[in-house]
2 protein chains.
Amino acid sequence: MTLTPADDGFAERLASSLPDNTLRRAEPRYLEEPRGRWHGCSGWVALPRSTDEASTILRACNDARVGVLPFGGGTGLVGGQIAPEGPAPLLISLERMNAIRAVYPQENVALAEAGAVLSDVQEAAREAGRLFPLSLASEGTARIGGLLATNAGGVNVLRYGNARDQVLGLEAVLPDGTIWHGLKRLRKDNTGYDLRNLLIGAEGTLGLITAAALKLAPIPAATGTALFTVAGPAAALELLAIARDQLGEGISAFELISRQGLDFLTEALPELRQPWPEPPDWCVLVELGLARGLDPEAALEELFAAGLEAELVSDGIVAQSEQQRQDFWAIRERIPEANRVIGAIASHDISLPLGAVPEFIARGAPVLARLGEFRINCFGHLGDGNLHYNVFPAPGRRREEHVNQRDEIKHAVHDLVHEMDGSVSAEHGIGRLKVEDLERYGDPAKLAAMRAIKAALDPRGIMNPGAVLRG
Amino acid sequence: MTLTPADDGFAERLASSLPDNTLRRAEPRYLEEPRGRWHGCSGWVALPRSTDEASTILRACNDARVGVLPFGGGTGLVGGQIAPEGPAPLLISLERMNAIRAVYPQENVALAEAGAVLSDVQEAAREAGRLFPLSLASEGTARIGGLLATNAGGVNVLRYGNARDQVLGLEAVLPDGTIWHGLKRLRKDNTGYDLRNLLIGAEGTLGLITAAALKLAPIPAATGTALFTVAGPAAALELLAIARDQLGEGISAFELISRQGLDFLTEALPELRQPWPEPPDWCVLVELGLARGLDPEAALEELFAAGLEAELVSDGIVAQSEQQRQDFWAIRERIPEANRVIGAIASHDISLPLGAVPEFIARGAPVLARLGEFRINCFGHLGDGNLHYNVFPAPGRRREEHVNQRDEIKHAVHDLVHEMDGSVSAEHGIGRLKVEDLERYGDPAKLAAMRAIKAALDPRGIMNPGAVLRG
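Residues numbered from 1 in each chain as written. Chains lettered and ligands numbered in written order. Predicted model: local features only at pLDDT ≥ 70, side-chain atom pairs only at ≥ 80, totals over all residues. Heavy atoms only, no water.

An unreviewed UniProt entry lists chain A under the name FAD/FMN-dependent dehydrogenase, from Salipiger abyssi. According to the UniProt record, the Sequence similarities (unreviewed entry) comment for chain A is "Belongs to the FAD-binding oxidoreductase/transferase type 4 family." (UniProt positions renumbered as here; feature names shortened; annotations may be inferred.)

Given below as structure tokens:
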């Protein structure tokens, strides 16, 4: 079933049924992605101002069998927003639909259009005395539609869950142009199949999310942040279990950082302050957000004492100011930037059952050593079992020398993840980068069900063709 | 497309490919439901001991186009587990698959088979020093498979979410007998469509859940329970907002009770202790579960003081012992029992946007008064916007006198709920009772998508025929 390209003739016909300036030629920013691996084929972008206009656009594409490429903030790391080949799709960007339609502080709900930028939603919640807990490095650019379509993760999943856990209702345009009015502000609604969670995480292959009813949370009364030097990943996990026993749901983030990551920071970003005379082999960044009446600094000191007693931690620094807190977070959040300077051969966004993380780290290094001499920067959201496991050339070597090894490295890492009941895409999604991985590691019954659902909801195959499932 | 009945010939053929005693004639307990509205057609029940046996059974049913009726604990209130008409389906009960396969305290995960009874899962979690927060009146009978298939709610949704929020992974048999091995213990896994949430809440119409990886939570360090007399539903909501500001995520339950409910308790269950000399018009049962270092009793007193200051509450009693705590909960949890004694004309399990609850309650009474003289017992999970809105005859009248009014009462209540953006099935599901309501109030785009998904995943229409969607 071949799609028709979104050529000038199609664009002109579609434009005639829409207000002026709804369509234009796609500028380069719509055709690039953060890692520079792919370049989109040139073509047209539609910029609807309303859900009805989005509906008109999808209906026309469906009728003409023209592919549709939903484009959010363009920050995706797996190529879900880029079509490098095939008949040119029509890009559709909801950047003009960026209103935060309402905030209901008493209900802990905000209604945001899909084009709203994450940091704007966070800000609107804050102004209402509430927290929108979804938080990740690209939050100043990423838009709600893309964040939900990819079920984004980030640093607060341990406490608040993934993007899907922040959603009460959705409004969306289905592939044939019909609008699903599902923007409900309900905490309980058992009226039929969970279409909401089906669209969330489908990466734009089943429909176009246009707005969402988002859950807000109370803002913790007090926050505390610390860096603990731990004996290793297993010790870090034991420390997390102790923290949970002591603090219940008060742990907002629990991030693992290795010596390799700190050395990369020293090399690539020497201006960044690191608080140790000598970087530790392993450390965790712990953030607490506690209720009124509790002192995070005291809680972190108590946690440190328990960790010391159990021989899990050897050193600890509790942030004494907002500046120091930001410095600690900069260490964690600028690791990807340092990685780009050093130049990874292969990057892996994986997750494992929490208890299996130490074994995976222990087994990963020798598996890779059999393929050559590499440096591994393993860091990430330990509380979620989510590691960013990135492989770099040995000192003095260049990534270009290893281009041919990329696939074997990826397969070695992913084979091990799969063997240990993990996931080869924890938070970034499948996009176009991991279509083959999904075919290789995905459960056959689930894949068959996914194909049946895709054919049922998008029978003409127009939605984000080539993403997630092979066209 | 007509289904074939699960007659003796079919049962005997199927039995021959399974171990002895896997099939037997369905005893009466499989053919009854709690409200006594329907009676199932007699027939056969299959009791597999393993997922492979369940797969064999579904494959045979699919091949022969025999309907399959998944049966959990039999506690559903909307007839999802009862087939009163049509070709007799094969009942399938997973009561022999009731193992709790493993508990991982460090990961906060338990693996339970679908036949495990909820209270057994709660107990296994408790033994590991963890909490499985799903809790509802029928927890001593309801089984995990049914609880997930119906996305059960209960009293802790405010804090911990619905049943679907307790699930990390599923194992399930799809209608053609293929097994989906999705029993992952992962906190983040973005590898394709969310089949898990599609099966959860589908009420057995898309597949048979055989096991689940369940999330556990920390046990709160200290619990406190109080009954506050409030000025009305709006005051109760304001009190909830204050409680959230003061206590963050520490509120485990926030239940609304009306004078009518207390009067029914007095009438139907006179032995039940009520702690007031005179029952209040409206009260809320508040339960806190707080982290170490916080005193729930002091927190409840502080909340009461703030509520008094804002003229929201006029009286309050904090439970001073576990016995008193249980007495308070008995008041809330035995209301349904009193309701059964009094005899409702119509019961409604509805939800509303939180902020709309007071207006709904204010508008509901005059809407019903236009239809006749009734008593309304409105109670429920206020923190979730979930009301059980039950309509009774005036004193001295019998429900039988109003049988003809049932439908008009239901439509009046549901029309108002729908107009106010609520749901006509908050936590009980659609089953067979609310198929017509779903057709009447459901979003057309969503209904079309549901029918397409049903046809795609269960093309022969064997799974729980007649439930949720008309066959």
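Picking up after the structure, the text goes on.
**Brief notes about the relation of the copies chain B and chain A**
Between the two copies, chain B and chain A, the superposition gives an RMSD of 0.0 Å; the rotation angle is 180° and the shift along the axis is 0.0 Å. Between the two chains, the operation in question is that of a two-fold axis. Mapped onto chain A, 100% of the interface residues of chain B are again interface residues, and the two copies thus contact each other with one and the same surface. (Least-squares fit on C-alpha atoms with pLDDT ≥ 70 in both. Contact = heavy atoms within 4.5 Å.)

**Digging into the sheet that holds strand β9 (residues 179-182) of chain A**
Residue and element names in this part refer to chain A. If you trace the five strands from one edge of the open sheet to the other, you get β5-β6-β10-β8-β9, paired in antiparallel fashion. The open sheet has two free edges, formed respectively by β5 (100-104) and β9, since each of these has just one partner strand. With direction set aside, neighbouring strand axes in the sheet form an average angle of 15°. Pairing of strand β8 (residues 167-173) with strand β10 (residues 208-215) involves six bridges; the strand directions are antiparallel. In the sheet register, Val173 faces β10, and the bridge partner there is Leu208. (Pairing = 2+ DSSP bridges. Helix = DSSP H or I, 4+ residues; strand = E, 2+ residues; numbered from the N terminus. Axes fitted to C-alpha atoms, helices over the stretch in contact; angles between N-to-C directions.)

**Some points on the sheet that holds strand β6 (residues 109-113) of chain B**
Residues and elements named next belong to chain B. Read across the open sheet, the five strands follow the order β5-β6-β10-β8-β9; overall the sheet is antiparallel. What marks the edges here is a single partner per strand, and that holds for β5 (100-104) and β9 (179-182). Ignoring which end each strand starts from, the neighbouring axes of this sheet average 15° apart. As paired elements, strand β8 (residues 167-173) and β9 share four bridges and run antiparallel to each other. In the sheet register, Glu171 faces β9, and the bridge partner there is His181. Where helix α2 (residues 51-64) meets the sheet, it contacts β5, β8, β9 and β10 (208-215), and its direction lies at approximately 50° from that of β8. With respect to the sheet, helix α3 (residues 118-127) is in contact with β5, β6 and β10, its orientation differing from that of β5 by roughly 35°.

**Points about the domain arrangement of chain A**
Residue and element names in this part refer to chain A. Each assigned domain of chain A is listed with its residue range as follows: domain 1 (100-218), domain 2 (222-336) and domain 3 (343-427). Tallying the contact residues gives eight residues for domain 1 and four residues for domain 3. Taking both sides of the interface into account, the surface hidden between domain 1 and domain 3 amounts to around 390 Å²; carbon and sulfur atoms contribute 45%. In this structure, the connection of domain 1 to domain 3 is made through zero salt bridges. At the junction of domain 1 and domain 3, the tally comes to two residue pairs in polar contact (both at pLDDT 80 or more). Looking at the side of domain 1 that touches domain 3 residue by residue, the class counts come to four nonpolar, four polar and no charged. (Domains from an automatic or database assignment. Buried area = accessible area lost by both parts, 1.4 Å probe. Salt bridge = Lys/Arg side-chain N within 4 Å of Asp/Glu carboxyl O. Polar contact = N/O pair within 3.5 Å; in protein donor to acceptor, adjacent residues only side chain to side chain. Nonpolar A, V, L, I, M, F, W, Y, C, P; charged D, E, K, R; others polar.)

**Thoughts on the environment of Glu53(A)**
Residue and element names in this part refer to chain A. Among the secondary structure elements, Glu53 is positioned in helix α2 (residues 51-64). When its relative accessible area of 12% is taken as the criterion, Glu53 is described as buried. Excluding anything up to four places from it in sequence, Glu53 contacts Leu18, Pro19, Thr22 and Pro48. Polar contacts involving the side chain of Glu53 include one to the main-chain amide nitrogen of Arg49, which spans 3.0 Å. (Buried < 20%, exposed > 50% of the residue type's maximum accessible area, 1.4 Å probe, protein only.)

**Considering helix α15 (residues 444-457) of chain A**
Counted at 1.5 Å a residue, the expected span for α15(A) with its 14 residues is 20 Å, and the 20 Å between its end C-alpha atoms agrees. Elements in contact with the buried residues of α15(A): α6 (195-199) and α14 (435-441) of chain A together with β9, α6 (195-199) and α15 (444-457) of chain B. Between the side-chain oxygen at the start of α15(A) and the backbone nitrogen of Ala445(A) there is a gap of 3.1 Å, and the oxygen is on Asp443(A). (Expected span 1.5 Å × (residues − 1).)

**Section: unusual backbone geometry**
A positive phi angle is found at Asn464(A), which is not glycine, with a value near 40°. Position of Asn464(A) among the secondary structure elements: in the segment after α15. A relative accessible area of 2% means that Asn464(A) is categorised as buried. With a phi angle near 55°, Glu203(B) is a residue other than glycine that sits in the positive phi range. By secondary structure assignment, the location of Glu203(B) is in the loop between α6 and β10. Its relative accessible area of 7% is what places Glu203(B) among the buried residues.

**Describing the packing of helix α7 (residues 233-247) of chain A against helix α9 (residues 296-309) of chain A**
Residue and element names in this part refer to chain A. Here α7 crosses α9 at 135°, and the two axes come no closer than 10 Å. Taken as axis vectors, α7 and α9 run oblique relative to one another. The handedness of the crossing between α7 and α9 is right-handed. Residues Leu239, Ile242, Ala243, Gln246 and Leu247 of α7 form the contact with α9, whose own contacting residues are Ala299, Glu302, Leu303, Ala306 and Gly307. By residue class, the composition of the contact of α7 with α9 is seven nonpolar, two polar and one charged. (Parallel < 35°, antiparallel > 145°, perpendicular 65-115°, else oblique. Left-handed = near helix turned anticlockwise from the far one by under 90°.)

**Some details on the UniProt feature "domain: FAD-binding PCMH-type" (unreviewed entry) in chain A**
What UniProt calls "domain: FAD-binding PCMH-type" (unreviewed entry) maps, in this numbering, to residues 37-219 of chain A. Helix makes up 21% of residues 37-219 of chain A and strand 24%, whereas the separation of the span's terminal C-alpha atoms amounts to 39 Å.

**Examining the side chain of Asn377(B)**
Residues and elements named next belong to chain B. Summarising the element assignment, Asn377 is placed in strand β17 (residues 374-381). Looking at Asn377, the relative accessible area reads 0%, which means it is buried. A distance of 3.3 Å separates a polar side-chain atom of Asn377 from the backbone nitrogen of Gly261. Here Asn339 takes part through its side chain, which lies 2.8 Å from a polar atom of the side chain of Asn377. In contact with Asn377, other than residues within four places in its own chain, are Ser258, Gln260, Gly261, Phe264, Ile335, Asn339, His388, Tyr389, Asn390 and Phe392.

**Overview of helix α1 (residues 8-15) of chain B**
All names here are of chain B. Those residues of α1 that sit buried are Phe10, Ala11 and Leu14. Buried positions in α1, seen along its axis, are confined to an arc of 100° and lie on one side of it. Pointing more than 90 degrees away from the buried face of α1 are the exposed residues Glu12 and Arg13. Packing partners of the buried residues in α1 comprise β1 (23-25), β2 (44-46), α2 and β4 (90-93). (Arc of directions from axis to C-beta.)

**Thoughts on the pairing of β4(B)**
All names here are of chain B. By the alternation rule, side chains of β4 split into Leu90 and Ile92 and Leu91 and Ser93, which are all buried. Both β2 and β4 contribute to a ladder of two bridges, which runs parallel. Paired with Ala46 across the two strands is Ile92, which belongs to β4. When strand β3 (residues 68-71) meets β4, the two strands line up parallel, connected through four bridges. Note that in β4 the partner of Pro70 across the bridge is Ile92.

**Side note on a positive patch on the surface**
Residues and elements named next belong to chain B. Together, Arg35, Arg37, Arg340, Arg399 and Arg406 line one region of the surface with positive charge. Mapped onto the fold, Arg35 is located in the loop between β1 and β2. For Arg35, a relative accessible area of 34% translates into the label partly exposed. (Patch = residues over 30% accessible without salt bridge, like charges linked within 9 Å, V, L, I, M, F, W, Y side chains within 5 Å. Areas by Shrake-Rupley, 256 points an atom, 1.4 Å probe, with all protein chains shown as cover. Lys, Arg positive; Asp, Glu negative; His and termini not counted. Charge placed at Lys NZ, Arg CZ, Asp CG, Glu CD.)

**Digging into the interface of chain B and chain A**
Often, the extent of an interface is quoted as the loss of accessible area on bringing the components together. Counting residues at the interface gives 87 residues for chain B, matched by 87 residues for chain A. Together chain B and chain A conceal approximately 6800 Å² of surface at their shared face, both sides included; 54% is due to carbon and sulfur atoms. By the criterion of area lost to chain A, the three top residues of chain B are Lys188(B), Asn190(B) and Tyr193(B), representing 16% of everything that side buries. The tally of links between chain B and chain A comes to 12 salt bridges. Where chain B touches chain A, the interface holds 46 residue pairs in polar contact (both at pLDDT 80 or more). With nine residues, the single largest contributor to the side of chain B that touches chain A is α15(B). Split by residue class, the side of chain B that touches chain A holds 34 nonpolar, 28 polar and 25 charged.

**Section: the nonpolar core**
Counting residues in hydrophobic clusters, the biggest one holds 102 residues, and the most contacted among them are Phe254(A), Phe360(A), Phe254(B) and Phe360(B). Once residues lying within four places of it in the same chain are set aside, the contact partners of Phe254(A) are Leu158(A), Ala236(A), Leu239(A), Leu240(A), Val284(A), Leu285(A), Val286(A), Gly380(A), His381(A), Leu382(A) and Gly383(A). (Core = buried A, V, L, I, M, F, W, Y, C linked by side-chain atoms within 4.5 Å.)

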